[in-house]
Amino acid sequence: GEAAPITKIFGIVLAVLSIVLLSYKKNKSDSPSHHGWVVFLPMTIFLGSCVVDSCLFLVVIESWAPNGDIEFVSALFFFGGVFGLINLIISSFNGKFLFQIKNVVGGFVLGIPNFFSIYLLLLLLAKGWDGSVVFPVNNVGVLIMAAIFGYVLFHERWTKMTVAGFLLACTSIVLIAI
């Protein structure tokens, strides 16, 4: 039921193309077992992201978190933490767990930005932003930041496809947001 001007549709098409270009890596392994994972993992991530985005949209549509309630996001992360703790306890009894402080630090480093990104998404949707703007801009923005961090922190080489994907991603955000 959202407006779909040609700029938004074209921006979404460019966003999908940019995801393909930014995610593409030249296959260095010719083993048959490797080829299945090349398609399976990105599709699994894509479908998982669609489920999460759809659930967040449903939360706002059904008014379960009016005004992007921080209490709702806190409850989500609390129960995620409880289930993670239960999994940790079970893993420790099975001898499959080794406590390392770097895992705790990594959990906070990833968890805090994720908490606020979920809160911001719910807040934007509650304020009346179209889901067809919020989710593509968020997802493509994450890819852009991942590409920048990969280049700066890990000295990843950018191929022509990476540069094209980066430029398409930036263009898609502008077109979707117009």
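For the structure itself, look to the data block above.
Residues numbered from 1 in each chain as written. Predicted model: local features only at pLDDT ≥ 70, side-chain atom pairs only at ≥ 80, totals over all residues. Heavy atoms only, no water.

S.K.: Sorry if this is basic, but what is going on with the overall build of the chain here?
M.R.: Check the secondary structure of the chain and you find 6 helices and 0 strands. Listing the helices and strands of the chain from first to last along the sequence gives α-α-α-α-α-α. Structurally, the chain occupies a C-alpha span of about 55 × 50 × 30 Å along its principal axes. Intrachain contacts of the chain at a sequence separation of at least 6 include 78% that bridge at least 24 residues. Carbon and sulfur atoms provide 75% of the accessible area of the chain, an area that totals close to 12,400 Å². (Helix = DSSP H or I, 4+ residues; strand = E, 2+ residues; numbered from the N terminus. Contact = heavy atoms within 4.5 Å. Areas by Shrake-Rupley, 256 points an atom, 1.4 Å probe, with all protein chains shown as cover.)

S.K.: I keep staring at the packing of aromatic side chains and nothing clicks. Help me out?
M.R.: Geometry of an aromatic ring pair is reported as the spacing of the ring centres plus the angle between the planes. Overall, the coordinates contain 6 aromatic pairs when judged by the stated rule. Each ring, one from F78 and one from F79, has its centre 5.3 Å from the other, and the planes form 75°; the classification is edge-to-face. F78 gets classed as exposed once you look at its relative accessible area, which sits at 53%. Geometrically, the ring pair formed by Y151 and W158 is tilted, given 5.3 Å between the ring centres and 55° between the ring planes. The exposure class assigned to Y151 is partly exposed, which follows from its relative accessible area of 47%. Ring pairs connect the aromatic residues F77, F115 and F116, which therefore count as one cluster. (Phe/Tyr/Trp six-rings, centres within 6.5 Å; stacked < 30°, edge-to-face > 60°. Buried < 20%, exposed > 50% of the residue type's maximum accessible area, 1.4 Å probe, protein only.)

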